[in-house]
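The residues making up each chain are set out below.
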Amino acid sequence: GNHTQPEFMLLGITDTPWAQAPLFGLFLLIYVVTLVGNIGLMVLVWVAPRLHTPMYFFLTHLSLADVCYSTIITPKMLTGLLFGNKTISWAGCVTQFYLFALFVTAECHLLAAMAYDRHVAICHPLSYVTVVSPQACWQLVTWSYLVASICALIYTGCTFGGSFCGPRRVDHFFCDASPVLRLACSDTRGSEVAIFALAAANGLGTSVVILLSYGRILHAVLGMHLGPSRARAFHTCASHLASVSVFYGTLFFMYLQPASRHGSWDKVASVFYTVVSPMLNPFIYSLRNKEVKAALGKCRRR
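Please read all numbers here as calculations on a predicted model, not as lab measurements.

Remarks on the UniProt feature "transmembrane region" (unreviewed entry) in the protein
Turning to step 1, where the next piece is worked out: UniProt marks residues 23–48, 55–77, 97–116, 136–155, 193–212, 233–256 and 268–287 with the feature "transmembrane region" (unreviewed entry), using the numbering shown here.
Turning to step 2, where the next piece is worked out: Secondary structure content for residues 136–155 is 100% helix and 0% strand, and the end C-alpha separation is 28 Å.

Let's talk about the sheet that holds strand β1 (residues 7–10)
Turning to step 1, where the next piece is worked out: Taken together, the three strands give an open sheet; going across it, the order is β2-β1-β3, and neighbouring strands pair in mixed fashion. The sheet is open, and its two borders are formed by β2 (87–89) and β3 (169–170), each paired with just one other strand.
Turning to step 2, where the next piece is worked out: Where β1 meets β2, three bridges bridge the pair, whose relative direction is antiparallel. Note that in β2 the partner of E7 across the bridge is S89.
Turning to step 3, where the next piece is worked out: Across the sheet, helix α3 (residues 90–123) is in contact with β1 and β2; its angle to β2 comes to roughly 85 degrees.

Let's talk about the environment of F58
Turning to step 1, where the next piece is worked out: In this fold, F58 is placed in helix α2 (residues 54–83).
Turning to step 2, where the next piece is worked out: Classification of F58 by relative accessible area gives buried; the value is 0%.
Turning to step 3, where the next piece is worked out: For the pair F58 and K298, spaced 240 residues apart in sequence, the C-alpha to C-alpha distance is 22 Å.
Turning to step 4, where the next piece is worked out: Filtering out sequence-adjacent residues up to four positions away, F58 remains in contact with A113, M114, D117, C137, L140 and V141.

Points about the state of the cysteines
Turning to step 1, where the next piece is worked out: Enumeration according to the criterion identifies one disulfide in this entry.
Turning to step 2, where the next piece is worked out: In this model, C93 is linked to C175 through a disulfide, with the two sulfur atoms separated by 1.9 Å. The chirality of the disulfide connecting C93 with C175 is left-handed, given an S-S dihedral of about -120 degrees. Remark: C175 occurs in the loop between β3 and α6 (177–181) and C93 occurs in helix α3; sequence separation between them is 82 residues. The residues C93 and C175 share a single accessibility class, namely buried.

A word on a nonpolar patch on the surface
Turning to step 1, where the next piece is worked out: A contiguous nonpolar patch, built from V246, F253, W265, V268 and F272 and spanning about 480 Å² of accessible area, is present on the exposed surface.
Turning to step 2, where the next piece is worked out: For the nonpolar patch, the elements supplying multiple residues, two or more each, are α8 (227–255) and α9 (265–285).
Turning to step 3, where the next piece is worked out: With three residues, α9 is the largest single contributor of residues to the nonpolar patch.
Turning to step 4, where the next piece is worked out: Of note, V268 is situated in helix α9.

As for the nonpolar core
Turning to step 1, where the next piece is worked out: Counting residues in each nonpolar core, the largest one holds 89 residues, and the members touching the most others are F27, F100 and F247.
Turning to step 2, where the next piece is worked out: At 17 residues, the largest contribution of residues to this core is made by α3.
Turning to step 3, where the next piece is worked out: Setting aside its immediate chain neighbours within four residues, F247 contacts Y69, V104, E107, C108, L111, Y273 and S277.

Definitions and limits used
Residues numbered from 1 in each chain as written. Predicted model: local features only at pLDDT ≥ 70, side-chain atom pairs only at ≥ 80, totals over all residues. Heavy atoms only, no water. UniProt positions renumbered as here; feature names shortened; annotations may be inferred. Helix = DSSP H or I, 4+ residues; strand = E, 2+ residues; numbered from the N terminus. Pairing = 2+ DSSP bridges. Contact = heavy atoms within 4.5 Å. Axes fitted to C-alpha atoms, helices over the stretch in contact; angles between N-to-C directions. Buried < 20%, exposed > 50% of the residue type's maximum accessible area, 1.4 Å probe, protein only. Disulfide = S-S within 2.5 Å. Patch = residues over 30% accessible without salt bridge, like charges linked within 9 Å, V, L, I, M, F, W, Y side chains within 5 Å. Areas by Shrake-Rupley, 256 points an atom, 1.4 Å probe, with all protein chains shown as cover. Salt bridge = Lys/Arg side-chain N within 4 Å of Asp/Glu carboxyl O. Core = buried A, V, L, I, M, F, W, Y, C linked by side-chain atoms within 4.5 Å.

Here you go:
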């Protein structure tokens, strides 16, 4: 049962000796850039009054989610690559998966809130102040974390609620649902169906909100008469949609397919939404904006 072997072993990304050092250097660099970019953005929004707007309010919470679930996964992965310490306790594995599920689910809802915010700002500018009020912003963020907490509890219960026997060798670089469920010696079909249904509800529901919002934005942008304004708005929407597509595409690949189809590409897909996406989000969503550049310039002068 669960008390005979209190530890799991994470097999990591690869067991090839010559690849350990280059991968360690690459992921360490990505992790440092992730921390600097996201924490720097949060501090900048906090100290710059001109960035105290709903869009940057949502961005700070997106950066917080990125920092949190990247920190939950990457340091343990780096330790395994550098020192070969791939064991993780039962409690550590459960905690890692719960926090990962919480912040990834919260990010899905935050991305939907951000898309709705941009839709109101561009398509209904006259009512923007009343619709996206500070109270509404806090309600959307609170809803995101509340739903994410409940969903994470269900995901964790379904993943670790069964019995495990034999060697607990998790063929992954963190405790994810599919590789952990493969180690269960009890029937996992009910757990797999529950995880699939909840992931589909969260993923498809929030992605529909995002696609509808950006669809309305693109329709409004194409109706603009000024060429430079239309090009700039279209470019912004395209970059945001590209980031969302990478994030959701890899999530759907991992969690919206039958367990029997999971294979060697799972680790590659997981790297994109656990390591790469948190690094890119600050650059795509904010650091190319004129407001952020102006705030950075003012902070440097001060």
